[in-house]
Amino acid sequence: MPISWLYPKPFIRQLVVDEDSIDGLGHVNNIAYLTWCEDTAWRHSAHLGLTMADWLNVDRAMAITRADYEYLVAAFTGERLSVATWLVTSDLKLTMERRFQIVRDADGKTLFTGRWQLVCINISSGRPARLPRQFIEIYGPNLVCAQGAPVA
């Protein structure tokens, strides 16, 4: 079934829901969705060319300052899911926004959406700091808004 993505050109991680992700109500625990988002964000960053080693090397990181999640439909053991992420906006100075969409592959139904507001920090001090040139050069061309898509 074709998937209706929120934005063009998603970075996608596919997975199968395992028993460890299930809560006492018999469906995926809310924290599993957050874990999948975090893992997908790290994979996306590495895919673009920035790993944790790169972040440590320039003493900068993107830290979450706000997170919003919408749990729409439950997922269950054995279901195949696609976890998509995008970098949607950035002032290319200090802030960035990352979006998520989790879809059940069998029916194309969106189960979850999420949004992180991020700020660049100096790792050693924890204080806000300008995006280093390396972040701008790698993340900048991969912003959805830079590709002409609407930012909802």
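In this text the structure is predicted, and so the values were computed from the model without any measurement.

The rules we used
Residues numbered from 1 in each chain as written. Predicted model: local features only at pLDDT ≥ 70, side-chain atom pairs only at ≥ 80, totals over all residues. Heavy atoms only, no water. Phe/Tyr/Trp six-rings, centres within 6.5 Å; stacked < 30°, edge-to-face > 60°. Helix = DSSP H or I, 4+ residues; strand = E, 2+ residues; numbered from the N terminus. Buried < 20%, exposed > 50% of the residue type's maximum accessible area, 1.4 Å probe, protein only. Core = buried A, V, L, I, M, F, W, Y, C linked by side-chain atoms within 4.5 Å. Contact = heavy atoms within 4.5 Å.

**Student:** An account of the packing of aromatic side chains is requested, with residue identities and associated values reported.
**Tutor:** Scanning the model with the defined rule gives eleven aromatic pairs in all. Consider the rings of Trp 55 and Phe 135, whose centres lie 5.8 Å apart with planes at 40 degrees: the pair is tilted. In this pair, Trp 55 is assigned in helix α2 (residues 52-58) and Phe 135 in helix α3 (residues 133-139), connecting sequence segments 80 residues apart. Using a relative accessible area of 8% as the deciding quantity, one classes Trp 55 as buried.

**Student:** Outline the nonpolar core, supporting the account with residue identities and numerical values.
**Tutor:** Counting 33 residues, the largest nonpolar core has Val 17, Val 28, Trp 36, Met 62, Leu 81, Ile 102 and Tyr 139 as its most contacted members. Listing elements by their share of this core, those giving two or more residues are α1 (30-48), β2 (60-71), β3 (80-90), β4 (95-104), β5 (110-122) and α3. A per-element tally of this core places β5 first, with seven residues. What Val 17 contacts, discounting residues up to four positions off in sequence, is Ile 22, Val 28, Trp 36, Ala 75, Phe 76, Thr 77, Gly 78, Glu 79 and Leu 81.

**Student:** An account of the environment of Phe 11 is requested, with residue identities and associated values reported.
**Tutor:** Along the chain, the position of Phe 11 falls in strand β1 (residues 11-16). The residues touching Phe 11, leaving out its near neighbours within four places in the chain, are Thr 40, Arg 43, His 44, His 47, Val 83, Ala 84 and Thr 85.

**Student:** Any chance you could break down unusual backbone geometry for me, citing the residues and the numbers?
**Tutor:** For Asp 59, which is not a glycine, the phi torsion comes out positive at approximately 55 degrees. Position of Asp 59 among the secondary structure elements: in the loop between α2 and β2. Relative accessible area serves as the criterion here: at 23%, Asp 59 is assigned to the partly exposed category. With phi around 55 degrees, Leu 92 is a residue other than glycine that occupies positive phi space. Relative to the helices and strands, Leu 92 resides in the loop between β3 and β4.

Functional significance is not addressed by these values, which are geometric in nature.
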